[in-house]
Amino acid sequence: MWPSEAATRAEEAEQGARRRRDEAGRDHQRAEVSASAALAAADRSALAAQEAGEARDRARTELREAVAGWAEAAAGLDTEGRDTMVTAAEQVGRAGEATLASRYRELTAPLREARAAVDARGQDRLVTLRAEVAALDEERAWVAAETDPGPEPPSWRGGGPAGGAGAAGGGRGGGGAHR
């Protein structure tokens, strides 16, 4: 190999090494910019997560207070039921926890079942009373349609011919003469 060839190759190798070094420097600079951007994004995400957690806690507190106020006036809830509803409000959104609606249905199921039984008995009684009224209406109509005048009233009841027995007639206790 000639000295000029060796020098050319060495010079080319040196230029290649400089290009790779410059390229590596640019890559390193891009990586630092990307790492800084990723760290900034991570910081923003951590701050957003903290703010979201605080907002969630405020919302749970507001919900718990609202449910506590509502539960005071809610039909079918005793003290234990109200406490259960408040506890359920504190657990809203947590995995595996019952919803407020399902917890309320669970707590008020006995009352709803008792009311349904009372309603059913009331409906049964209404049907019975309507049947009795219908039977009485039929009997009344039958009596009203009766054409038999019945027997003549007894003579001692009065209301007969003038001077006869009765209050105005000559019978006992009447205004007529006593025989």
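This structure is a prediction, so every number in the text was calculated from the model and none was measured. (Residues numbered from 1 in each chain as written. Predicted model: local features only at pLDDT ≥ 70, side-chain atom pairs only at ≥ 80, totals over all residues. Heavy atoms only, no water.)

Topic: the side chain of threonine 108
Link 1 in the chain: With respect to the element layout, threonine 108 can be found in helix α3 (residues 100-145).
Link 2 in the chain: Residues within four places of threonine 108 in sequence aside, it is in contact with Ala75, Gly76 and Leu77. (Helix = DSSP H or I, 4+ residues; strand = E, 2+ residues; numbered from the N terminus. Contact = heavy atoms within 4.5 Å.)

A closer look at helix α2 (residues 79-91)
Link 1 in the chain: Over its 13 residues, α2 extends 19 Å from the first C-alpha to the last, a length consistent with the 18 Å expected when each residue adds 1.5 Å.
Link 2 in the chain: Looking only at α2, the buried set comprises Gly81, Arg82, Met85, Val86, Ala88 and Ala89. What you see down the axis of α2 is that its buried residues fit within an arc of 160°, all on one side.
Link 3 in the chain: Those residues of α2 that are buried are in contact with α1 (3-73) and α3.
Link 4 in the chain: Directly beyond the C-terminal end of α2, a positive phi value near 90° is found at glycine 93. (Expected span 1.5 Å × (residues − 1). Buried < 20%, exposed > 50% of the residue type's maximum accessible area, 1.4 Å probe, protein only. Arc of directions from axis to C-beta.)

Comments concerning the side chain of arginine 82
Link 1 in the chain: With respect to the helices and strands, arginine 82 occurs in helix α2.
Link 2 in the chain: A distance of 3.1 Å separates a polar side-chain atom of arginine 82 from the backbone oxygen of leucine 77.
Link 3 in the chain: Not counting residues up to four positions away in its chain, the partners in contact with arginine 82 are Ala71, Glu72 and Leu77. (Polar contact = N/O pair within 3.5 Å; in protein donor to acceptor, adjacent residues only side chain to side chain.)

Digging into the pattern of salt bridges
When charged atoms on two side chains of opposite charge get close, those side chains can pair.
Link 1 in the chain: Inspection of the entire model under this criterion finds 8 salt bridges.
Link 2 in the chain: A salt bridge links arginine 18 to glutamate 14; the nearest nitrogen and oxygen atoms lie 1.9 Å apart. In this pair, arginine 18 and glutamate 14 both sit in helix α1, 4 residues apart, roughly one turn of the helix.
Link 3 in the chain: Salt-bridge contacts for aspartate 137 lead to arginine 140; the nearest nitrogen and oxygen are separated by 3.7 Å. Of the two residues, aspartate 137 and arginine 140 both sit in helix α3, 3 residues apart, roughly one turn of that helix.
Link 4 in the chain: In this structure aspartate 137 comes out as partly exposed when scored by relative accessible area, which is 41%. (Salt bridge = Lys/Arg side-chain N within 4 Å of Asp/Glu carboxyl O.)

Any functional reading would require information beyond the geometric quantities listed.
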